[in-house]
Amino acid sequence: MIDDGAEPAAAEAVNAVDRFWESTVNGRSMRLKVPPAKRLLDLVRDDLGLTGTKRSCEIGRCGACMVLVDGAPVNSCLMMAYQCAGRDIVTIEGIADENGGLHPVQRAFLEEGGYQCGYCTPGMIVSVKALLDAVPDPSPEELEEALSGNLCRCTGYGGIIRAVRRAIEEGRENR
Ligand code: FES
Ligand code: FES
């Protein structure tokens, strides 16, 4: 919950053990207050309205809820919100540049048709961005490993792999 001074009456009992913490969400410093049992997924979607992060299996198997915490991809359904105190959280909404220009990985997914229904796409893009930030020119094995936690039920992965290869290629050309 964002600490905006307004206290919902129903939350008062829980708030007796709430903790305040400061964190950065998509480049913006925020002072947040969360119940101890709140997951990061619920914080970003329900409290912060960042619904690009998808809720699906909720047990760490599909990657639809992937966000970056201090640059590392995490399944937000498996991380408690309080574990993010003082950390840097980036959701799919924070991946485009500040002027709204698409990130090269987003552009590659769009241009190569790396999606169909799009439900897995935010998590895929977050995982690919994390990989390319750490390893700009990954091997096929590194790519396979990086996407092993992201499931897509629609595309057969052809467009996704083409999109990632295109993003890698553009990265090479721009170095
Ligand atoms: S919703 Fe988190 S891994 Fe599936
Ligand atoms: S595009 Fe539909 S689940 Fe991947």
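One numbering rule holds for all chains: residues counted from 1, following each sequence as written. Naming scheme: in the order in which they are written, chains are lettered from A and ligands are numbered from 1. Reporting in this predicted model follows two pLDDT cut-offs: at least 70 for local features of residues, and 80 or more for side-chain atom pairs to be given and counted; totals over whole chains, interfaces and linings ignore these cut-offs and use all residues.

Visitor: Which parts of the structure should I look at to understand the domain arrangement of the protein?
Guide: Reports of interface size often rely on the accessible area that becomes lost once the parts have come together. Domain limits in this description derive from either an automatic procedure or a database domain assignment. Here the domain parsing of the protein yields domain 1 (9–93) and domain 2 (104–173). Averaged C-alpha coordinates put domain 1 and domain 2 at centres separated by 24 Å. The contact rule is simple: place each C-beta atom from the backbone, and if two of them lie within 7 Å, those residues are in contact. Listed as interface residues are 14 residues of domain 1 and, on the opposing side, 12 residues of domain 2. Only strand 3 (66–69) and strand 4 (72–75) provide two or more residues apiece to the side of domain 1 that touches domain 2. By residue number, the principal contributor to the side of domain 1 that touches domain 2 is strand 3, which donates three residues. Polar here means any residue outside two lists: the nonpolar Ala, Val, Leu, Ile, Met, Phe, Trp, Tyr, Cys and Pro, and the charged Asp, Glu, Lys and Arg; Gly therefore counts as polar. Its residues placed into classes, the side of domain 1 that touches domain 2 shows nine nonpolar, four polar and one charged. Strands are runs of DSSP state E lasting at least two residues, helices are runs of H or I lasting at least four, and both sets are numbered from the N terminus onward.

Visitor: What exactly am I supposed to notice about unusual backbone geometry here?
Guide: Most peptide bonds are trans, and most residues other than glycine sit at a negative phi. Of note in the backbone geometry, Asp70 takes a positive phi value of approximately 50° without being a glycine. Along the chain, Asp70 turns up in the loop between strand 3 and strand 4. With a phi close to 75°, Tyr157 is a non-glycine residue in the positive phi region. Structurally, Tyr157 can be placed in the loop between helix 5 (140–146) and helix 6 (158–173). Residue class for Tyr157 comes out partly exposed when judged on the 15 C-beta atoms lying within 10 Å of it. Exposure is read from a count of other C-beta atoms within 10 Å of each residue's own; the residue is exposed at 12 or fewer, buried at 20 or more and partly exposed in between. C-beta atoms are placed from the backbone.

Visitor: How should the nonpolar core be read in this particular structure?
Guide: One broad rule of soluble globular proteins: the nonpolar side chains tend to lie buried together. Definition of nonpolar core: a set of buried Ala, Val, Leu, Ile, Met, Phe, Trp, Tyr and Cys residues joined via C-beta atoms within 7 Å. Counting residues in each nonpolar core, the largest one holds 39 residues, and the members touching the most others are Leu40, Val67, Val105, Ile125, Val126, Val128 and Ala167. Looking at this core, the elements with two or more residues in it are strand 2 (28–34), helix 2 (40–47), strand 3, strand 5 (88–90), helix 3 (104–112), helix 4 (121–134) and helix 6. Of all the elements, helix 4 adds the most residues to this core, at seven residues. The two domains that each donate at least three residues to this core are domain 1 (9–93) and domain 2 (104–173). Discounting chain neighbours no more than four positions away, the residues touching Ala167 are Pro104, Val105, Ala108, Val128 and Leu132.

Visitor: Any chance you could explain helix 3 here in plain terms?
Guide: Three or four residues apart is the spacing at which side chains of an α-helix point the same way, because the helix has 3.6 residues per turn. Restricting attention to buried positions, one finds in helix 3 the residues Val105, Gln106, Ala108 and Phe109. The arc that holds the buried residues of helix 3, viewed along the axis, is 165°, so those residues lie on one side. The inward-facing, buried residues of helix 3 abut helix 4 and helix 6. The positive-phi residue at the C-terminal boundary of helix 3 is Gly113, with phi of around 65°. Comment: arc refers to directions from the helix axis out to C-beta atoms.

Visitor: Honestly, the environment of Ile59 in this entry has me stumped. Any pointers?
Guide: By secondary structure assignment, the location of Ile59 is in the loop between helix 2 and strand 3. By C-beta crowding, Ile59 is classed as exposed, having 9 other C-beta atoms within 10 Å. As for Ile59 and Cys77, which are separated by 18 residues in sequence, their C-alpha atoms are 6.7 Å apart.

Visitor: Any chance you could explain the packing of helix 4 against helix 6 here in plain terms?
Guide: Geometry of a packed helix pair, given as the angle between the helix axes and the separation of the axes. For the pair helix 4 and helix 6, the least separation of the axes is 11 Å and the interaxial angle reads 35°. Helix 4 and helix 6 meet at a crossing whose hand is right-handed. Contacts from Met124, Val128 and Leu132 in helix 4 reach Ile160, Val164, Ala167, Ile168 and Gly171 in helix 6. Residue classes in the contact of helix 4 with helix 6 are distributed as seven nonpolar, one polar and no charged. To get an axis, a line is fitted to the C-alpha atoms, and for a helix only the part in contact is used. The angle between two axes follows their N-to-C directions and goes from 0 to 180 degrees. Definitions for this section: a left-handed crossing has its near helix turned counterclockwise from the far helix by less than a right angle. A right-handed crossing has that turn clockwise.

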